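Here's the letter readout for the chains.
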Amino acid sequence: MKIHYRVALSIVLGTVTAASGPTRSLSAQSPTAPVLTLRDALERAEVDGYSNRIADGMADAERGKVTGALRGILPSLRMEGGFVRTNDPIGAFGTTLRQRTITQADFDPDRLNRPPAIGNYQGAAVIEQPLFNADAWMGRRAASSGLEASRSNARWAHISTRVDVIRAYYGATLAREKTATLEAAARAAHAHVRQAEAMVRQGLATRSDALLASVGAGEVDAQLADADAEARTAIRQLAVALGQGRDFMPVLPESLPDAGRIRAVVGSATAGADAVARTEREEAGRADVEAARHGLDAARLDALRARSLYLPRLNSFARYDWNSANRLYAGMPSWTVGVMASWSPFAGASEMAERQAAAGRADAARAMADAADESASLEAEQTRNELQAALARLDIAERSVQQSAEAHRIVTRKYEGGLATVVELLDAAAVETQSALRYSAARYAVITAGAQRLKALGRDPAILARLDDASASIDNSSR
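The rules behind the values
Residues numbered from 1 in each chain as written. Predicted model: local features only at pLDDT ≥ 70, side-chain atom pairs only at ≥ 80, totals over all residues. Heavy atoms only, no water. Helix = DSSP H or I, 4+ residues; strand = E, 2+ residues; numbered from the N terminus. Buried < 20%, exposed > 50% of the residue type's maximum accessible area, 1.4 Å probe, protein only. Contact = heavy atoms within 4.5 Å. Areas by Shrake-Rupley, 256 points an atom, 1.4 Å probe, with all protein chains shown as cover. Core = buried A, V, L, I, M, F, W, Y, C linked by side-chain atoms within 4.5 Å. Axes fitted to C-alpha atoms, helices over the stretch in contact; angles between N-to-C directions. Parallel < 35°, antiparallel > 145°, perpendicular 65-115°, else oblique. Left-handed = near helix turned anticlockwise from the far one by under 90°. Nonpolar A, V, L, I, M, F, W, Y, C, P; charged D, E, K, R; others polar.

**Brief notes about the overall build of the protein**
Working step 1: Check the secondary structure of the protein and you find 13 helices and four strands.
Working step 2: Taking all 479 residues of the protein together, 44% fall into the buried category.
Working step 3: Relative to all contacts within the protein whose residues are 6 or more apart in sequence, the contacts with residues 24 or more apart total 85%.
Working step 4: When the accessible surface of the protein is split by element, carbon and sulfur atoms take 57% of a total near 24800 Å².

Printed below as a string of structure tokens:
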């Protein structure tokens with residue numbers, strides 16, 4: 001049975017409207033300021049959330065590794081330039097020959113043995129093209145799988161942030177509703193005090209009745225002070241979840257959505273999923289499972305890269321050289337092309353170390369993938385049970401609100417007729433206040449359990465933004 005919370009609260013707290021204490025700032029917000037909806041909060045966190053920004057930055061860094069792996073695949077071009085001066089016999093004769101200025105006099109034995117110093121500006125354009133580097137190709141594939149793992153981790157971070165935002169957003173709304181509930185309870189309690197004092201003056205009650213009523217009102221005031229502090233902390237937690245600064249003070253809904261709307265939205269969002277079934281569709285939806293699998297692929301390919309270090313390498317190059325006594329890139333050019341094969345069957349055991357380390361990383365990645373798969377199955381089952389328990393508690397809390405409200409009404413009539421003591425009246429008021437608070441907490445528990453359930457199933461918790469419609473209807477009907 002649906003219960004409109006504000007109607008229920010007015011019944012529970014005796015329709016007392018006269019304020020008896022200071023009004024809390026967090027429960028009295030400007031009616032003209034726009035209300036921060038859950039959809040707005042999720043959009044803010046998507047861009048500004050700290051975890052999202054960290055995860056996106058790490059994914060961008062991983063993209064750099066993929067680009068760096070092209071070093072052994074794509075051609076390279078470099079320009080060289082320099083100046084040398086020498087009187088070394090071979091160097092001097094070779095420099096003269098490179099500059100294409102050789103003459104018959106340069107073959108004079110005395111000049112060949114004791115040449116004058118000669119200067120040379122050297123310039124070159126060099127192109128190198130790898131032809132076969134197996135480790136580079138395997139490294140490229142491993143880096144690509146690592147990039148996919150990082151992107152999946154980023155998607156999982158965004159999903160986790162959405163759950164945190166839902167928890168913080170409705171946690172702050174719950175704190176505001178709790179404060180409003182206790183403010184109304186405090187007004188009712190102080191009204192009981194005034195009523196008891198009036199009856200004492202009329203000789204219809206004893207002094208102890210007024211004192212007990214005052215004690216009860218003081219207890220509610222203490223709870224209200226605690227709730228007010230909790231509400232301020234909840235606002236700060238929401239700001240952190242959204243990646244906002246200390247000055248962030250949003251206007252929140254006056255209360256959580258009603259129970260019927262919560263059941264409808266959460267139920268439709270989580271329907272049609274078997275918690276323990278590990279279907280391909282559900283497993284593909286878990287970004288953390290995807291990340292672990294891509295990480296395993298990357299580790300396996302990295303192990304292949306380490307083994308390919310034992311294979312020969314084949315590379316080609318082409319050079320265009322200039323040599324001049326006057327300036328860079330001057331004189332008659334020359335060219336050189338070639339192919340170079342190299343093989344290092346043993347390089348100080350470095351290949352063995354790479355292979356052993358890569359094999360260890362592959363074993364660890366395999367264990368992480370298995371653990372992610374099993375954890376996903378466990379979380380799906382666990383969140384199903386938690387959601388069912390939260391829904392059961394909501395049913396109980398909803399009935400308790402009605403029952404405690406009716407009980408308080410009956411005891412109030414009996415007290416006014418002299419058939420009940422003030423202790424019974426205060427106890428009835430305390431029970432209905434606690435019932436109202438438990439009803440709020442139960443609705444919050446269903447929302448957060450639903451968000452965790454969606455996350456466990458690999459679905460987008462942002463679908464719970466449909467609850468914004470319920471909040472709007474509550475606010476409109478209460479004005």
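**So, the nonpolar core**
Working step 1: Counting residues in hydrophobic clusters, the biggest one holds 46 residues, and the most contacted among them are Tyr170 and Leu464.
Working step 2: Going through the elements one at a time, helix H2 (38–48), helix H6 (134–201), helix H7 (207–241), helix H8 (259–270), helix H11 (350–416) and helix H12 (422–456) are the ones with two or more residues in this core.
Working step 3: Ala213, Ala217, Tyr415 and Ala420 belong to the second largest nonpolar core, which has 22 residues in total.

**Brief notes about the packing of H6 against helix H10 (residues 287–307)**
Working step 1: The N-to-C vectors of H6 and H10 enclose an angle of 165°; their axes lie 8 Å apart at closest approach. Judged on the interaxial angle alone, H10 and H6 are roughly antiparallel. For the element pair H6 and H10, the recorded crossing hand is left-handed.
Working step 2: Grouping the constituent residues of the contact of H6 with H10 by class yields nine nonpolar, seven polar and nine charged.

**Observations regarding the side chain of Ser145**
Working step 1: Among the structural elements, Ser145 can be located in helix H6.
Working step 2: A relative accessible area of 13% means that Ser145 is categorised as buried.
Working step 3: Look past the residues within four positions of Ser145 in its chain and what remains in contact with it is His294, Asp297, Ala298 and Leu301.

**Concerning unusual backbone geometry**
Working step 1: Phi at Arg100 takes a positive value of approximately 60°, unusual for a residue other than glycine.
Working step 2: We classify Arg100 as partly exposed; its relative accessible area is 44%.
Working step 3: The phi dihedral of Tyr329 is positive, around 55°, even though this residue is not glycine.
Working step 4: Note that Tyr329 resides in the loop between strand E3 (313–324) and strand E4 (334–342).

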